[in-house]
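Listed below are the residues making up each chain.
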Amino acid sequence: MKPVHIALPDNVINPHSVVIRSEQAAMPERARHYPELRYMGSKTRLLPWIFEVLSLYDFESALDPFSGTGSVSYLLKSMGRRVASSDFLNFTSTVARATIENNHVHLEEPAVKRLLAPYPDGSRFIETTFKGVFYKPDDLRFLDRVSGNIRQLQNPHQRALAYAALFRSCLKRQPRGVFTISGDLSHYDDGRRDLRLSLEEHFLEQVEVYNAAVFDNGRKNQSLQSDVFDLPREKVDLVYLDPPYVPRSDDNCYVKRYHFLEGLSQYWEDLPIDTSTKVKKIAKKYTPFSYRRTAVDAFDSMFERFKDSKIALSYSSNGYPDLNILESLMQKHKKRVRTFEKPHRYHFGTHKGVERASVTEYLIVGS
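Since we're looking at a predicted model, the values are computed, not measured. (Residues numbered from 1 in each chain as written. Predicted model: local features only at pLDDT ≥ 70, side-chain atom pairs only at ≥ 80, totals over all residues. Heavy atoms only, no water.)

1. Describing the pairing of strand S3 (residues 61-64)
Convention followed: Classification of residues uses two cut-offs on accessible area relative to the type maximum, computed with a 1.4 Å probe and protein chains only: under 20% is buried, over 50% is exposed, and between them is partly exposed. In this text, helices come from DSSP runs of H or I with a minimum length of four residues, and strands from runs of E with a minimum of two, each type numbered from the N-terminal end. The criterion for strand pairing is that DSSP finds at least two bridges linking the strands in question.
Residues Ser61 and Leu63 point to one face of S3 and Ala62 and Asp64 to the other, with burial holding for every one of them. Across four bridges, S3 lies against strand S4 (residues 82-87) in parallel orientation. Across the sheet, the residue bridging to Leu63 is Ala84, located in S4. Looking at chain direction, S3 and strand S6 (residues 238-241) are connected through two bridges and run parallel. The partner of Ala62 across the bridge, within S6, is Leu238.

Laid out in structure tokens, this is it:
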């Protein structure tokens, strides 16, 4: 392992280079096998580095209020910490309920058979609404059927596991792993196995994947769906923050890319569809972190909210605010601030024109 040096500006307290040495304990093997979602901004490939940085700090409990795919929360759980995971989207919070909060429950064969059984008088909402938009007719009928059966499961962690398997199946079956494109997507077909399997075949595989991800770390972990500013005020040793950021170009709207999964997570109940859009979008959820006029104040308020905990902010060089602003804001609330840097290259999608971005990733830690 090469040493990782920390670049610190002069105005940061204790401006000395710190080296993460190779003899440090390795990342828990379990964390390396977390079911990865094709998800914008996922930190899966950065987990070994995040582990190295967080291992420098003493903490027993951790909060991850922008949990996204859940990979960092799962890392923290694998490290034996008590973890509270949260996200403002329902489908991501559901994945965390399956993998972070859930310590024991699996989807055994009898439950899987119930999920695949015909659903009497079931709705055809997905089949009719998304005909010609996403997936083949058989896949759409399967989604209606399995959605109805999932809602009949009494155990909340079994429901969460089933939904997690369904979400990952949908992402694998969708050529670019996002729901911004629709119709005839045959030109994206590069022969991948994922595009040949039906959603039902994917689902059966993913049930096994998520069953294997369930483990007990001896702690009472929690999954919530909440905006960061609405979370209960409970004392926690460390808060890992990975909020959306104002991009240099395009946009960072998670609902735009994953609206189908968000709708699927609650069968579009209380989520009106904009029928004027080709992909049948739902309304965008507001976050102050996505706009220049509100982002700086949002970060300041967030650091103030968690000032009594260690704060680890994950951010990227292609976002706004920039590093100097973020360090200055954190210094208002924390006595000691250290910035860890790592070159990184994002790969989003699997098609030939896959988006790639070379950036510097930051972990700004206030203690």
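Moving on, there is more to tell.
2. Regarding the packing of helix H4 (residues 109-116) against helix H6 (residues 137-150)
Two quantities define a packed helix pair, namely the angle between the axes and the distance from one axis to the other. Put simply, the rule is: Between N-to-C directions, angles cover 0 to 180 degrees, with each direction set by a line fitted to C-alpha atoms, over the stretch in contact for helices. Here the word oblique covers every angle except those under 35 degrees (roughly parallel), over 145 (roughly antiparallel) and from 65 to 115 (roughly perpendicular). Two residues qualify as a contact provided that any one of their heavy atoms is within 4.5 Å of a heavy atom in the partner residue. Lys, Arg, Asp and Glu make up the charged group, whereas Ala, Val, Leu, Ile, Met, Phe, Trp, Tyr, Cys and Pro make up the nonpolar group; the residues left over, Gly among them, are polar.
Running from N to C, H4 and H6 point in directions that differ by 130°, and their axes come no closer than 7 Å. Classified by the interaxial angle, the pair formed by H4 and H6 is oblique. Contacts between H4 and H6 involve Arg114, Leu115 and Leu116 on the former and, on the latter, Phe142, Arg145, Val146, Asn149 and Ile150. Counted by class, the contact of H4 with H6 contains five nonpolar, one polar and two charged residues.

3. A word on empty space enclosed by the protein
Definition in use: Buriedness of a pocket was judged along seven lines, with at least five required to meet protein on both sides within 12 Å; pockets are open sets of points on a 1 Å grid over the protein atoms alone, cavities are sets where a 1.4 Å probe fits but cannot get out, and lining residues have an atom within 4 Å of a point. Grid points are joined across faces, edges and corners, and a volume is the space filled by probe spheres set on the points.
Inspection of every chain in the model, using the stated rule, returns one cavity of 30 Å³ or more. Roughly 70 Å³ of internal volume is contained in the largest cavity. A breakdown of the residues in the lining of the largest cavity according to their chemical character gives five nonpolar, three polar and two charged.

4. Things to note about the packing of aromatic side chains
What counts here: The rule is short: rings of Phe, Tyr and Trp, with Trp giving its six-membered ring, pair when the centres are within 6.5 Å, and they are stacked under 30 degrees, edge-to-face over 60, tilted in between. Any Lys NZ or Arg CZ that is within 6 Å of a ring centre and within 35 degrees of that ring's normal is treated as a charge sitting over the ring.
Taken as a whole, this structure holds 26 aromatic pairs when the rule is applied. Between Phe134 and Phe179, the aromatic rings sit 5.2 Å apart at their centres with planes inclined by 90°, giving edge-to-face as the arrangement. With Phe134 in the loop between helix H5 (125-129) and H6 and Phe179 in the loop between helix H7 (156-173) and helix H8 (193-196), the pair connects residues that are 45 residues apart, well separated along the chain. By the burial criterion, Phe134 is buried, and Phe179 matches it. For the pair Phe260 and Trp268, a centre-to-centre distance of 5.5 Å together with 65° between the ring planes defines the contact as edge-to-face. Trp268 matches Phe260 in its accessibility class, with the two residues each being buried. What links up through ring pairs into an aromatic cluster is the set Phe125, Phe130, Phe134, Tyr135, Phe179, Phe260, Tyr267 and Trp268. When the ring centre of Phe215 is taken as reference, the NZ or CZ atom of Lys77 above it lies at 4.7 Å. Note that Arg293 overlies the ring of Tyr291, its terminal NZ or CZ placed 4.9 Å from the centroid.

5. Considerations on the environment of Ile150
Position of Ile150 among the secondary structure elements: in helix H6. Since its relative accessible area comes to 0%, Ile150 is described here as buried. Between the C-alpha atom of Ile150 and that of Leu115, which follows or precedes it by 35 residues, the distance is 6.2 Å. Once residues lying within four places of it in the same chain are set aside, the contact partners of Ile150 are Leu115, Arg159, Ala162, Tyr163 and Leu166.

6. Digging into the confidence of the model for the chain
We count it as follows: What pLDDT conveys is the predictor's confidence in a given residue, as a value from 0 to 100.
Per-residue confidence for the chain gives a mean pLDDT of 88, with 89% of residues at or over 70. Counted against residues more than four places away or in other chains, residues 1-23, with its pLDDT under 50, gives 44 contacts. Here residues 349-355 is a poorly scored stretch, pLDDT under 50, and it has 15 contacts once near neighbours within four places are set aside; other chains count.

7. Let's talk about the pattern of salt bridges
Opposite charge on two side chains lets them pair, provided their charged atoms get close. Note the cut-off: Salt bridge, as used here: a side-chain nitrogen of Lys or Arg that lies within 4 Å of a carboxyl oxygen of Asp or Glu.
Under the definition given, this model contains 13 salt bridges. Glu200 is paired through a salt bridge with Arg145; the nearest N and O atoms lie 3.3 Å apart. Taken together, the residues Glu200 in helix H9 (residues 199-213) and Arg145 in helix H6 connect sequence positions 55 residues apart. Residue classification places Arg145 among the partly exposed positions, given a relative accessible area of 24%. A salt bridge links Lys307 to Glu304; its shortest N-O distance comes to 3.2 Å. Taken together, the shared-partner salt bridges in this structure form one network comprising Arg124, Glu127, Asp138 and Arg141.

8. A short note on the layout of surface pockets
By rolling a water-sized probe across the atoms, one finds the places where empty space is left. Of the voids in this model, the second largest pocket is the one considered here, and its volume is about 420 Å³. Forming the walls of the second largest pocket are 22 residues, and the residues nearest its centre are Pro232, Arg233, Glu234, Lys235 and Val236. Broken down by secondary-structure element, the contributors of at least two residues to the lining of the second largest pocket are S3, S4, strand S5 (222-225) and helix H11 (292-305). Partitioned by chemical class, the residues of the lining of the second largest pocket number nine nonpolar, four polar and nine charged.

9. Considering the environment of Ser86
With respect to the helices and strands, the residue Ser86 is situated in strand S4. Ignoring anything within four residues of it in the chain, the contact list for Ser86 reads Asp64, Pro65, Phe66, Ser67, Leu224, Gln225, Ser226 and Leu231.

10. Structural notes on the nonpolar core
Keep this limit in mind: To qualify as a nonpolar core, a set must consist of buried Ala, Val, Leu, Ile, Met, Phe, Trp, Tyr and Cys residues joined through side-chain atoms within 4.5 Å.
Of all hydrophobic cores here, the largest spans 82 residues; its most connected members are Leu143 and Phe260. It is H7 that contributes the most residues to this core, 10 residues altogether. Ignoring sequence-local partners within four residues, the contact set of Leu143 consists of Ile126, Tyr135, Leu166, Cys170, Leu199, Phe260 and Leu264. Counting 24 residues, the second largest nonpolar core, distinct from the first, contains Leu231, Leu313, Met330 and Ile364.

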